[in-house]
Amino acid sequence: MADTFGLEIYASNKLAFAGRARTLVVPAVDGEQAFLAQHENIVAAIIPGEMRFEEADGTKHVLAVSSGFVEMINNRAKLFCLTAESPEEIDVRRAQEARERAEEQLRQKQSIQEYHMNQLALSRAMARLRVTSHKEI
């Protein structure tokens, strides 16, 4: 199992995954950050977006994640975020409504803090909608 690493994905309300993985790709401020076995030790921030990973047996997963961080230490990755949702867990209608609300709020005059909060809400809604395109039909 030299080409795999330990992976644990923690959301605020659950352990979303624990096992061996071949790859992990997380959304980062400057794009995506990818991890493979024997990656150097690192702690990196995660932004709301689409996270992908492949289990040791080749099973591929896509999750919508909120902000958080990932640490890779001694060939073990631990990812901590507020939410981690599979396509099946996402209510598409609610995600579309959240996107519309955030877009409407962004069109209105607001403080810098409100702008950033609405920008974050929009990012999360868009990530959730992107991930739902991976649902098995």
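Residues numbered from 1 in each chain as written. Predicted model: local features only at pLDDT ≥ 70, side-chain atom pairs only at ≥ 80, totals over all residues. Heavy atoms only, no water.

Along its length, the protein chain carries 2 helices and 9 strands. Taken from the N to the C terminus, the helices and strands of the protein chain come in the order β-β-β-β-β-β-β-β-β-α-α. Scaling as 2.2 N^0.38, a compact globule of 137 residues should have a C-alpha radius of gyration of about 14 Å, and the protein chain matches this with 16 Å. Based on the C-alpha atoms only, the size of the protein chain along its principal axes is roughly 55 × 35 × 25 Å. Counting every position in the protein chain, which comprises 137 residues, the buried fraction comes to 36%. (Helix = DSSP H or I, 4+ residues; strand = E, 2+ residues; numbered from the N terminus. Rg over C-alpha atoms; globule rule 2.2 N^0.38 Å. Buried < 20%, exposed > 50% of the residue type's maximum accessible area, 1.4 Å probe, protein only.)

Most of strand β1 (residues 5–11) is tucked away, with 5 of its 7 residues classed as buried. Looking at chain direction, β1 and strand β2 (residues 14–28) are connected through 7 bridges and run antiparallel. Bridge assignment links leucine 7 to a residue of β2, and that residue is glycine 19. (Pairing = 2+ DSSP bridges.)

Take the packing of aromatic side chains next. The full count for this structure, using the stated rule, is 3 aromatic pairs. One aromatic cluster is present, built from ring pairs that chain together Tyr10, Phe69 and Phe80. (Phe/Tyr/Trp six-rings, centres within 6.5 Å; stacked < 30°, edge-to-face > 60°.)

Further remarks concern the nonpolar core. One finds Leu7, Ile9, Leu24 and Met51 to be the most contacted residues of the largest nonpolar core, which totals 21 residues. In this structure, leucine 24 is in contact with Phe5, Leu7, Gln33, Ala34, Phe35, Met51, Arg52, Phe53, Val70 and Ala77, ignoring residues within four places of it in sequence. Within the second largest apolar cluster, 6 residues are counted, among which are Val62, Ala64, Ile90 and Ala95. (Core = buried A, V, L, I, M, F, W, Y, C linked by side-chain atoms within 4.5 Å. Contact = heavy atoms within 4.5 Å.)

A complete count under the given rule lists 7 salt bridges for this structure. As a salt-bridge pair, lysine 14 and glutamate 89 come within 2.8 Å of each other at their nearest N and O atoms. Note that lysine 14 is positioned in strand β2 and glutamate 89 in the loop between β9 (84–85) and α1 (92–107), a separation of 75 residues in sequence. According to the relative accessible area criterion, lysine 14 is partly exposed, its value standing at 26%. We classify glutamate 89 as partly exposed; its relative accessible area is 44%. Measuring nitrogen to oxygen at the nearest pair gives 3.8 Å for the salt bridge that ties arginine 52 to glutamate 50. (Salt bridge = Lys/Arg side-chain N within 4 Å of Asp/Glu carboxyl O.)

In contact at an axis separation of 8 Å, α1 and helix α2 (residues 112–132) are set at 150° when each is read in the N-to-C sense. Relative to α2, α1 is oriented roughly antiparallel. For the element pair α1 and α2, the recorded crossing hand is left-handed. The segment α1 lies against α2, with Val92, Ala95, Gln96, Ala98, Arg99, Ala102, Glu103, Gln105 and Leu106 engaging Tyr115, Asn118, Gln119, Ala121, Leu122, Ala125, Met126, Arg128, Leu129 and Thr132. Residues belonging to the contact of α1 with α2 are distributed by class as follows: 11 nonpolar, 5 polar and 3 charged. (Axes fitted to C-alpha atoms, helices over the stretch in contact; angles between N-to-C directions. Parallel < 35°, antiparallel > 145°, perpendicular 65-115°, else oblique. Left-handed = near helix turned anticlockwise from the far one by under 90°. Nonpolar A, V, L, I, M, F, W, Y, C, P; charged D, E, K, R; others polar.)

What follows covers the pairing of strand β8 (residues 76–81). Every second residue of β8 is oriented toward a common face, the buried set being Ala77, Leu79 and Cys81 and the non-buried set Arg76, Lys78 and Phe80. Two elements, β1 and β8, share 5 bridges in a ladder whose sense is parallel. Looking at β8, one finds that isoleucine 9 is bridged to leucine 79. In the sheet, strand β7 (residues 68–73) pairs with β8 via 6 bridges, with the strands oriented antiparallel.

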